[in-house]
Amino acid sequence: MRIFVNTSINALHRWDGAEGRRKYLSHPHLHKFNIQAWAKVSHSDRDIEFHDLRDMVDEALIDIATDRDGVLDFGGASCEDIGNMLLDRVPELDEVLVMEDGECGAKVSRPTD
């Protein structure tokens, strides 16, 4: 069994390697990052309460981002990077989907043994 939580955060990021017609992405730009995070559970009475899992993800996102005068900034982190940083900081997670403005994004999973 698996459970999931959804959350979102408004933050800046940039793509340092952007070139050509996407060069504008090398400058900090704001997105609403929508996150869906999944965790395995072993029974229907939940090993992890939904609200606790969402709190863990929200706290990790704040930890990952840099506060720039009240604006959160993920720097050069991609959606994949943000997802992997969440996996590193929240051991209960096994899969994370990070989307920019609900339009595009990436899914990362914890490697299986």
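Details of the structure are given in the entry above.
Below or above, wherever it landed, is the structure these notes cover. None of the values given here were measured: they were computed from a predicted structure. (Residues numbered from 1 in each chain as written. Predicted model: local features only at pLDDT ≥ 70, side-chain atom pairs only at ≥ 80, totals over all residues. Heavy atoms only, no water.)

This part covers the pattern of salt bridges. In total, this model carries five salt bridges according to the counting rule given. Of the charged contacts in the structure, one is a salt bridge between arginine 2 and glutamate 95, with a shortest N-O distance of 3.2 Å. Placement of the pair is arginine 2 in strand 1 (residues 2-13) and glutamate 95 in strand 5 (residues 93-100), with a sequence separation of 93 residues. Residue class for glutamate 95 comes out buried when judged on its relative accessible area of 15%. Between aspartate 63 and arginine 89 there is a salt bridge whose closest N-O contact spans 3.0 Å. Here aspartate 63, found in helix 1 (residues 50-64), pairs with arginine 89, found in helix 2 (residues 79-89); they are 26 residues apart in sequence, far enough to count as distant. Taken together, the salt bridges that share partners define one network made up of Arg2, Asp94 and Glu95. (Salt bridge = Lys/Arg side-chain N within 4 Å of Asp/Glu carboxyl O. Helix = DSSP H or I, 4+ residues; strand = E, 2+ residues; numbered from the N terminus. Buried < 20%, exposed > 50% of the residue type's maximum accessible area, 1.4 Å probe, protein only.)

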